[in-house]
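Now for the letters of each chain:
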Amino acid sequence: MPTVIQHVLSRLYELGIKDVLGVAGDYAFPIEDAICSDKKLRWIGCCNELNAAYAADGYARIHGMAALSTTFGVGELSAINGVAGAYAEYLPVFHLVGMPATDVQQARRLVHHTLGNGEFDLFYNMAAPTVCARAVMTPENCVAETERLITAAKRERRPVYMGFPSDYANTPVVDTMPLKTQALPKSDPVVLKAAVTAIVDKLSASKTACILPGILVSRRGLAAKATAVVDASNLPFATMFMDKCVIDESHPNYIGMYDGKLMDKHVGAFVEGCDCVLGIGAMMTDFNSGGFTAQIDKSKSINILQNSVRVASAVYSEICMEDVLTELAKSIPRKQVAAPKAKDLGEPTGEADGKITAGYMYPRWQRMLKPNDILITETGTSSMGLGFVHMPKGSTFQNQTLWGSIGWATPAAFGAALAAPKRRTILVTGEGSHQLTAQEVSQFYRFKLKPIIFVLNNDGYLIERLLCKDPEMYYNDLAQWNYAQLPAALGCQDWFTARVTTCGQLDEAIKKAESCGTGAYIEVVTGRYEASALAQKVHDYRASLYS
């Protein structure tokens, strides 16, 4: 019989998880030993547990799910911020936690990585709000609980917690019954038919309509089904910030980004002026709604969620998004609706020897994007500028819009690159965020990955300067690093590195990065207040954002 940890790892492998990210720790040795002893699996050691959790987040965004391993107490608490972000943004991450042996726990021994009070369930309980299901694995419950947790992760698209006492991890499973996978919920056929009919009736009665596909489309792997609804209806669609690229932006019906009253007002006016707005997993968060400036009449809106549908004020429960989209594509009325055309950022504007401005930098980054690229952008001004680029076919834009933990992007880019090593990964991060997690750059080289990394150096936390009362308060200042020297210090041998201060230098550095055949790391120096249009608007609408 397999051991408890062997059984769990075999089931994760059957789900397509071949990499486990984490940091080694003594209570987790049985987990890590089992991973490294299994030729089908790969241990991905990260620089710290928080980085590992961020990397698992990035891995899950591209691969669909991920696995993370940490030790008891100190390791799992270091990772919990990253796990919480995965929860907020609907990313299934299996968190495997090595725990002290059962006899140690039962004797309430005062051992390391505890609070010295003999209590061993404190951290397990701390994790509860950040996962959709949890269990301490034993030889007796291993088979059944593994299936319960897998089902929960697949159903909710959120992390789960699996605790492994060190003695139980290496004990053979007791359950000898045939494996019974738990079925995912199915739609009530009567409610499904009623919901689809209500959507069709609402759209049929509307002269103008549009679609707002949301993040749940991507997280549930339903891009093809959502695209089928767009194709069948011929309706135009826009996306909000968190939802960018959930349907390919090369689609002819794409009209651009909807950001309330803040940006692209022609798109905002069209969306809010439609007789009906069909949301597909859309969430009206603060940054999705343009600081709550979006005004979509509830009586004119529909939203298809994971397990329910709302049509105006009527709610239909016990139905699955996948089934609704499948049936809707068969019956949705086809319409001809005059809508705006999607616009990109235009041509870069600036002199070759001139300082780097937002008007040059963001359009120049847009010009370098290629089909199937993975673009990872950090929380802050860099993502606000890149959110309005027009992404090429098959490419993806990733940003931690809701959780917004600065420092996320660098490890998340590493995780994304691990998940799809044949695709090009481009990371754009601010220097303030980068200082939190920069050491993970070393892992790209260690695992033979070749990203293109841009570190935007605007002398401090620019987004904080734009949001706080006094932008010159010194809590927004940073230690000055020699960023372009970091890759060499971190072991990235022969990488192309550069520090650029003019438009011409940035242009040449991009060309070199694209042709050098190695990883590339470019520090981009701008003025202290050089911000994209959206970042400036967020400053103007601070009252709306925080009220």
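Please refer to the structure higher up on the page.
J.: Can you help me understand empty space enclosed by the protein in this one?
T.: Applying the stated criterion across every chain, the model contains three cavities of 30 Å³ or more. In this structure, the largest cavity occupies an estimated 150 Å³ of space. If you trace the largest cavity, you find 16 residues lining it, with Thr379, Thr381, Gly430, Ser433 and Leu462 closest to the centre. When grouped by side-chain class, the residues that make up the lining of the largest cavity number five nonpolar, nine polar and two charged. In this structure, the second largest cavity occupies an estimated 50 Å³ of space.

J.: So what exactly am I meant to see when it comes to the pairing of strand β16 (residues 425-430) here?
T.: A regular strand places its side chains so that they alternate between the two faces of the sheet. The buried fraction of β16 amounts to six of the six residues, a majority that puts the element mostly inside the structure. Summarising the sheet, strand β14 (residues 374-377) and β16 pair through four bridges and their orientation is parallel. Counted as the bridge partner of threonine 377 is valine 428 from β16.

J.: What should I look at first to understand the side chain of threonine 437 in this one?
T.: Structurally, threonine 437 is set in helix α17 (residues 431-437). For threonine 437, the residues in contact, after removing those within four places along its chain, are Asn51, Tyr54, Gly407, Thr410 and Pro411.

J.: When you look at the sheet that holds strand β19 (residues 520-525) in this model, what are you seeing that I'm missing?
T.: Either a parallel or an antiparallel arrangement is found when strands of a sheet pair, and the pairing is made through backbone hydrogen bonds. The strand order across the open sheet built from six strands is β15-β14-β16-β17-β19-β18, with neighbouring strands paired in parallel fashion. Looking along the sheet, the strands with just one partner apiece sit at the ends: β15 (396-398) and β18 (496-500). With direction set aside, neighbouring strand axes in the sheet form an average angle of 15°. Relative to the sheet, helix α16 (residues 409-419) contacts β14 and β16, its axis offset from that of β16 by approximately 175°. Helix α21 (residues 503-515) rests against β17 (452-457), β18 and β19 of the sheet, and its axis sits at about 170° to β18.

J.: Whenever I open this one, the environment of glutamate 49 confuses me. Can you help?
T.: With respect to the helices, strands and loops of the structure, glutamate 49 is situated in helix α3 (residues 49-63). The spatial distance from the C-alpha of glutamate 49 to the C-alpha of aspartate 477 is 26 Å, given a sequence separation of 428 residues. The contact partners of glutamate 49, leaving out residues within four places of it in the chain, are Val23, Thr70, Gly75, Ser78 and Ala79.

J.: Help me understand the nonpolar core in this model?
T.: Most often, soluble globular proteins keep nonpolar side chains buried together rather than apart. Counting residues in each nonpolar core, the largest one holds 97 residues, and the members touching the most others are Ile199, Leu278, Ile304, Val309, Trp365, Phe454 and Val524. With seven residues, the top contributor of residues to this core is helix α9 (residues 189-204). In this structure, valine 524 is in contact with Ile356, Met361, Trp365, Phe454, Val455, Leu456, Asn457, Val500 and Leu506, ignoring residues within four places of it in sequence. With 53 residues, the next largest nonpolar core counts Tyr124, Leu418, Phe447 and Val455 among its residues.

J.: Teacher, can you tell me more about the packing of aromatic side chains here?
T.: Geometry of an aromatic ring pair is reported as the spacing of the ring centres plus the angle between the planes. Applying the stated rule across the entire model yields 11 aromatic pairs. Measuring from ring centre to ring centre gives 5.1 Å for phenylalanine 72 and phenylalanine 123, while their planes differ by 70°; the resulting arrangement is edge-to-face. Here phenylalanine 72, found in the loop between β3 (66-71) and α4 (74-88), pairs with phenylalanine 123, found in helix α6 (residues 122-126); they are 51 residues apart in sequence, far enough to count as distant. Just as phenylalanine 72 is buried, phenylalanine 123 falls in that class too. An aromatic cluster of at least three residues, connected via ring pairs, comprises Tyr27, Phe72, Phe120 and Phe123. Taking the ring centre of tyrosine 87 as reference, the NZ or CZ of arginine 158 above it sits at 4.0 Å.

J.: Would you mind showing me how to read the sheet that holds strand β5 (residues 133-136) here?
T.: One open sheet holds the six strands; their spatial order is β2-β1-β3-β4-β6-β5, and the pairing between them is parallel. The open sheet has two edge strands with one neighbour each: β2 (42-45) and β5. Between one strand axis and the next, the sheet turns through 20° on average, direction left out of account. Its contacts with the sheet place α4 against β3, β4 (93-99) and β6 (160-165), and it is angled at close to 155° to β3.

J.: Looking at this structure, I do not really get the pattern of salt bridges. What am I missing?
T.: Any two side chains of opposite charge can pair, given that their charged atoms come close. For the coordinates displayed, the defined rule picks out 23 salt bridges. The closest approach of N and O atoms between glutamate 514 and arginine 424, which form a salt bridge, is 3.1 Å. Placement of the pair is glutamate 514 in helix α21 and arginine 424 in the loop between α16 and β16, with a sequence separation of 90 residues. Residue arginine 528 is joined to aspartate 459 by a salt bridge in which the shortest nitrogen-to-oxygen separation is 2.8 Å. Taken as a pair, arginine 528 in the loop between β19 and α22 (533-540) and aspartate 459 in the loop between β17 and α19 (462-467) lie far apart in primary sequence, 69 residues in all. With relative accessibility at 28%, the residue aspartate 459 sits in the partly exposed group.

Thresholds applied
- Residues numbered from 1 in each chain as written.
- Predicted model: local features only at pLDDT ≥ 70, side-chain atom pairs only at ≥ 80, totals over all residues.
- Heavy atoms only, no water.
- 1 Å grid on protein atoms, 1.4 Å probe; cavity = no way out; pocket = protein on both sides within 12 Å on 5 of 7 lines; lining within 4 Å.
- Points joined across faces, edges and corners; volume = space filled by probe spheres on them.
- Nonpolar A, V, L, I, M, F, W, Y, C, P; charged D, E, K, R; others polar.
- Buried < 20%, exposed > 50% of the residue type's maximum accessible area, 1.4 Å probe, protein only.
- Helix = DSSP H or I, 4+ residues; strand = E, 2+ residues; numbered from the N terminus.
- Pairing = 2+ DSSP bridges.
- Contact = heavy atoms within 4.5 Å.
- Axes fitted to C-alpha atoms, helices over the stretch in contact; angles between N-to-C directions.
- Core = buried A, V, L, I, M, F, W, Y, C linked by side-chain atoms within 4.5 Å.
- Phe/Tyr/Trp six-rings, centres within 6.5 Å; stacked < 30°, edge-to-face > 60°.
- Lys NZ or Arg CZ within 6 Å of the ring centre and 35° of its normal.
- Salt bridge = Lys/Arg side-chain N within 4 Å of Asp/Glu carboxyl O.

Purely geometric stuff here, so don't read any function into it on its own.
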